[in-house]
Amino acid sequence: MTDATDRPRLRVATAWLGGCSGCHMSFLDLDEWLFDLHERADLVFGPLTDVKTFPDDVDLTLVEGAVTNEDNLELARAIRANSRVVASFGDCAVTGNVTALRNGMGEPQAMLERVYVEHPDLAGVLPTEVVPGLLPTAQPLHETITVDVYLPGCPPSADRIRTALIALLDALSNGHPLPDEWRGPEDLTFGN
Amino acid sequence: MHDIHLIDPVTRIEGHAKITLHLDEGGSVADARFHVTEFRGFEDFCRGRPVSEMPGLTARTCGICPVSHLLASAKAVDAIHALTVPPAARLQRQLANLGQIVQSHVLSFFHLSAPDLLLGMDADPATRNVFGLMQAEPELVRRGVRLRQFGQEVIAAVAGERIHGKGIVPGGVAEPFTTAQRDGIRARLDEALTAATDTWQLLESILDGFTREIGVFGDFPSLYLAHCRPDGTWEHYEGGLRVVDADGAIVVDQLDPADYRQYLGEAANPDSYLKSPYWKALVPDDDPRPGMYRVGPLARINVAERFGTPIADGLLDEFRSRVGRVVSSAFHYHAARILEVIASIELIGRLLDDPVLLESRVRAQGGVNALRGVGASEAPRGTLFHDYRVDGDGMVTDVNLIIATGQNELAMNRTILEIAREFVDGPSLSDGVLNRVEAGIRAYDPCLSCSTHALGQMPMSLELLDPQGRQVCEVHRH
Ligand code: SF4
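Residues numbered from 1 in each chain as written. Chains lettered and ligands numbered in written order. Predicted model: local features only at pLDDT ≥ 70, side-chain atom pairs only at ≥ 80, totals over all residues. Heavy atoms only, no water.

Let us look at the overall build of chain B. Scanning chain B from terminus to terminus reveals 16 helices and 15 strands. Classification of the 478 residues of chain B by burial places 67% in the buried group. Total accessible area on chain B stands at roughly 15000 Å², and carbon and sulfur atoms take up 49% of it. (Helix = DSSP H or I, 4+ residues; strand = E, 2+ residues; numbered from the N terminus. Buried < 20%, exposed > 50% of the residue type's maximum accessible area, 1.4 Å probe, protein only. Areas by Shrake-Rupley, 256 points an atom, 1.4 Å probe, with all protein chains shown as cover.)

In structure tokens, the structure reads:
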């Protein structure tokens, strides 16, 4: 598929790790600008789509949430391996934020015991079957994979998301590398 | 039925949910399990923090219905402070909750379920999403996007932001409501109401195409629980709870949410991070399943006699004349949602006309006057309880959250069991079966973000096990 200038359409993904989905809701708060986005790019993966496996050859992935369990870690690695640009999308991805508050409570196992064994009315039981195990701590995304762009906020406002998307899509569709100042966790002030 | 222990999954799963179907000796589906795979630990890490932080913190349980958590949390803290919020604040909070019901239900319908309902259950998964729908039905999607925006703006007017605003606080709200805010929302009411009633007509026009799904998507008797006024009017923010049975008879009425532990139990599950709340009176032993009850839009229209608003009531009456007074198919959660959107817009209009809304006294101040507080309200997906205990300094010592989606856990399991029995034929699974099972779950609009917490359109894998727990077949959505 190509657009009017014969450039291939950009492939954008979003992912949801350990977060509240508020960053995704703020993405939907782009409202009618979502139609403009759809003009330029295909959304190829994310909680709004039915695609199960992270696809190949993605130009830009916005990652919401901290890396808190084994599934998150596996998905984060698949995202890095298949995305040109990875953005830490919101404070949970950028710093760990609320998702990382569990880190102060000690061992995950002890926490699960308190929530599932000591709390319920019937005989409590630990969820150990089928569900992915928790990592020892919930970590910001850049602790587990290399991150290119940081979009802070809890959630980032729709205005900030739009500013970032326009700049990133422009750079990607012109084939330019990202300006150096967008890279690195020290830059936490993308847009306004 | 054979009691089968799950094997560890052979392959890793992605996303936040998974389903397992168990076969009996005869090869028929004996049991079905829905697994939620996300855990964030709010009930644990909130302990030791100042209770005044709780609304802002627990709103981060869920970005889809943060207002519900803000409200239930603020109400729990109001109870600990033993104070009454000023009348204007009460109306502002109601306004925010109605905005929340609009935006969340519209998200569920347009952004998550409409691709199934309008493009078809068997449409190409690559485009069976809201962006595919933008291509196919741009004007329809624009209507939905603008309707969600309307709800979000109502929320922002009260809370300060669309998501995770700071405006709903213990004791009331942060700021008085302004005439400019009132007029801004009022100016969009007509468009919103037209969009909502058009959506109702659209849904009605396609129902005939889903007769088989309506028949098996969780069409079974259950209890229904929701807030309801003593006179039978629909309620979303305060007051007592009513429980009705499968025939619509009142089981109990005007229960105080603060006493929830007397009538609701919670069971933990070995294979899900989601707990299963149950109705205690129906559970004689360790198996919570007989205590299944349902919450959310379907429960609310079954519990209430009427919305108390003219347009929604007219449509509800007409709907009931066709499907019955008690609507039991979970497929009709979709219908209940759109009816609630219409009623909510009507009620928003009514609140805007109330001069009390603009009063300037909006916050009561208090300290710790009780060591425990329970706050409850109707979240879009059903009744939400926040229960806090504090020490004399107002530091949290214990937290229990009962989330709407969790309360539908037992019913969701029964729903996927019935869908699987209807559509699974032999030991192999097709992608079409997966789609139906998934859509049956989606009808409940589960907020796994809330319940420990994924969006309705979850990636899934489905596994078929024989009586010995061996994997017979596994299907992934690609
Ligand atoms: S950054 Fe905030 S809005 Fe985004 S997922 Fe985390 S808690 Fe939710």
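All right, on to the nonpolar core then. Residues F27 of chain A together with I345 and I348 of chain B are the most contacted members of the largest nonpolar core, which totals 147 residues. The leading source of residues in this core is helix 4 (residues 87-119) of chain B, at 15 residues. Split by domain, this core shows at least three residues from each of two domains, domain 1 (3-38 + 418-473) and domain 2 (42-414) of chain B. Each residue touching F27 of chain A, except ones within four places of it in the same chain, is listed here: L34, L37, L62, F89, I161 and L165 of chain A together with F131 of chain B. Counting 22 residues, the second largest nonpolar core, distinct from the first, contains A13, L17, V67 and I79 of chain A. (Core = buried A, V, L, I, M, F, W, Y, C linked by side-chain atoms within 4.5 Å. Domains from an automatic or database assignment. Contact = heavy atoms within 4.5 Å.)

So, about the pairing of strand 7 (residues 250-255) of chain B. The two faces of a sheet get side chains in turn, since along a regular strand they alternate between them. Residues and elements named next belong to chain B. In this sheet, strand 7 lies alongside strand 6 (residues 241-244) in antiparallel orientation, the contact comprising three bridges. For V243, the partnering residue across the bridge sits in strand 7 and is V252. Hairpin geometry of strand 6 and strand 7 is characterised by an intervening segment of five residues between the two adjacent antiparallel strands and by a positive phi of about 90° at G248. (Pairing = 2+ DSSP bridges.)

The next thing to look at is the sheet that holds strand 13 (residues 396-402) of chain B. All names here are of chain B. Pairing is antiparallel across the open sheet formed by three strands, whose spatial order is 11-12-13. Of all the strands in the sheet, the pair left with one neighbour each is strand 11 (372-379) and strand 13. Direction aside, neighbouring strands of the sheet carry axes that sit 15° apart on average. Note: strand 12 (residues 382-390) against strand 13, six bridges, orientation antiparallel. Directly across from R389, in strand 13, lies its bridge partner D398. Strand contacts of helix 3 (residues 66-81): strand 11 and strand 12, with the helix running at about 150° to strand 11, the strand carrying the most contacts. (Axes fitted to C-alpha atoms, helices over the stretch in contact; angles between N-to-C directions.)

Around the ligand, the structure places 14 residues, and the nearest of them are C20, C23, C92 and C154 of chain A together with R60 of chain B. At the level of elements, helix 1 (22-28) and helix 4 (91-95) of chain A are the ones that each hand at least two residues to the shell around the ligand. In terms of residue class, the shell around the ligand is built from five nonpolar, six polar and three charged. (Near = heavy atom within 4 Å. Nonpolar A, V, L, I, M, F, W, Y, C, P; charged D, E, K, R; others polar.)

Residue and element names in this part refer to chain B. The strand order across the open sheet formed by four strands is 7-6-5-10, and the pairing between neighbours is mixed. The sheet is open, and its two edges are formed by strand 7 and strand 10 (293-294), each paired on a single side. Alignment of strand 5 (residues 223-227) against strand 6, held across four bridges, turns out to be antiparallel. Across the sheet, residue H227 finds its bridge partner in strand 6, namely L241.

This paragraph deals with the interface of chain B and chain A. Every contact between the two is made by 82 residues of chain B and, on the other side, 60 residues of chain A. Carbon and sulfur atoms make up 58% of the area that chain B and chain A hide from each other, which totals about 6400 Å². Applying the counting rule to chain B against chain A returns five salt bridges. Between D29 of chain A and R162 of chain B there is a salt bridge whose closest N-O contact spans 2.9 Å. There are twelve residue pairs in polar contact (both at pLDDT 80 or more) connecting chain B and chain A. Within the residue set of the side of chain B that touches chain A, elements represented by two or more residues are strand 2 (29-36), helix 1 (42-45), helix 4, helix 5 (130-136), helix 6 (138-159), strand 8 (264-267), strand 13 and helix 15 (431-443) of chain B. Counting residues per element, the side of chain B that touches chain A draws most heavily on helix 6 of chain B, at eight residues. (Buried area = accessible area lost by both parts, 1.4 Å probe. Salt bridge = Lys/Arg side-chain N within 4 Å of Asp/Glu carboxyl O. Polar contact = N/O pair within 3.5 Å; in protein donor to acceptor, adjacent residues only side chain to side chain.)

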